[in-house]
Amino acid sequence: MLLLMVVSPGNDSLSDLALALVKYDDVRLLWAESAKKALDIASVKAIDLIITDERLRDSTGLELAARLLRVNPMINCASVSRLSPESFHEASEGLGIMAQLPTHPGKEHAESLLHRLRQIKNLTSGGN
């Protein structure tokens, strides 16, 4: 079972992505509306992937990714960003972000994220 968390102040921008993710039998999806709530949950649950909106109520998605490193550096993260790929890479370098997402990600982004996450988990579990 994969435990994913979507962090967004509202359900609109990430709703298509979330709807695509919950269709998979091996995915459980949690929601948090702020960085604080996401950090509280991540400190007690083994989250496999956190997907952050670009702007949260109390920080940005990239700021949350940086704070997550102190809670659990093994949590994978994907973040919505309007930055160019080059600027995003520079801004997120060292944060362990596995993907930049567009402002309204959908089914194809969900499939790509899950594929990459499963590959990462397979590698870290020794292929078992």
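Everything in this summary refers to the structure shown in the same document. (Residues numbered from 1 in each chain as written. Predicted model: local features only at pLDDT ≥ 70, side-chain atom pairs only at ≥ 80, totals over all residues. Heavy atoms only, no water.)

1. Focus: the nonpolar core
Line of reasoning, step 1. Membership of the largest hydrophobic core comes to 22 residues, with the highest contact counts inside it found for Met5, Val7, Ile47, Ile50, Leu64, Leu68 and Ile97.
Line of reasoning, step 2. Where this core is concerned, the elements lending two or more residues are β1 (2–7), β2 (27–32), α2 (35–42) and α3 (61–71).
Line of reasoning, step 3. The biggest single contributor to this core is α2, with five residues.
Line of reasoning, step 4. With residues near it in sequence (within four places) discarded, Leu64 still touches Val7, Ala35, Ala38, Leu39, Thr52, Leu56 and Ser59. (Core = buried A, V, L, I, M, F, W, Y, C linked by side-chain atoms within 4.5 Å. Buried < 20%, exposed > 50% of the residue type's maximum accessible area, 1.4 Å probe, protein only. Helix = DSSP H or I, 4+ residues; strand = E, 2+ residues; numbered from the N terminus. Contact = heavy atoms within 4.5 Å.)

2. Focus on the side chain of Ser34
Line of reasoning, step 1. Within the secondary structure, Ser34 is located in the loop between β2 and α2.
Line of reasoning, step 2. In terms of polar contacts, Ser34 uses its side chain to reach the backbone amide nitrogen of Lys37, at 3.1 Å.
Line of reasoning, step 3. In contact with Ser34, not counting residues within four places along its chain, are Val7, Arg57 and Asp58. (Polar contact = N/O pair within 3.5 Å; in protein donor to acceptor, adjacent residues only side chain to side chain.)

3. What about the sheet that holds strand β4 (residues 76–80)?
Line of reasoning, step 1. Spatially, five strands are ordered β2-β1-β3-β4-β5 in an open sheet, and the strand pairing comes out parallel. Of all the strands in the sheet, the pair left with one neighbour each is β2 and β5 (97–101). Across this sheet, the average inter-strand angle for adjacent strands is 20°, counted without regard to direction.
Line of reasoning, step 2. The sheet strands contacting α3 are β1, β3 (49–52), β4 and β5, and the helix crosses β4 at an angle near 170°.
Line of reasoning, step 3. In the packing of helix α4 (residues 85–92) onto the sheet, contacts are made with β4 and β5, and the angle to β5 comes to roughly 145°. (Pairing = 2+ DSSP bridges. Axes fitted to C-alpha atoms, helices over the stretch in contact; angles between N-to-C directions.)

By themselves, these figures tell us nothing about what the structure is for.
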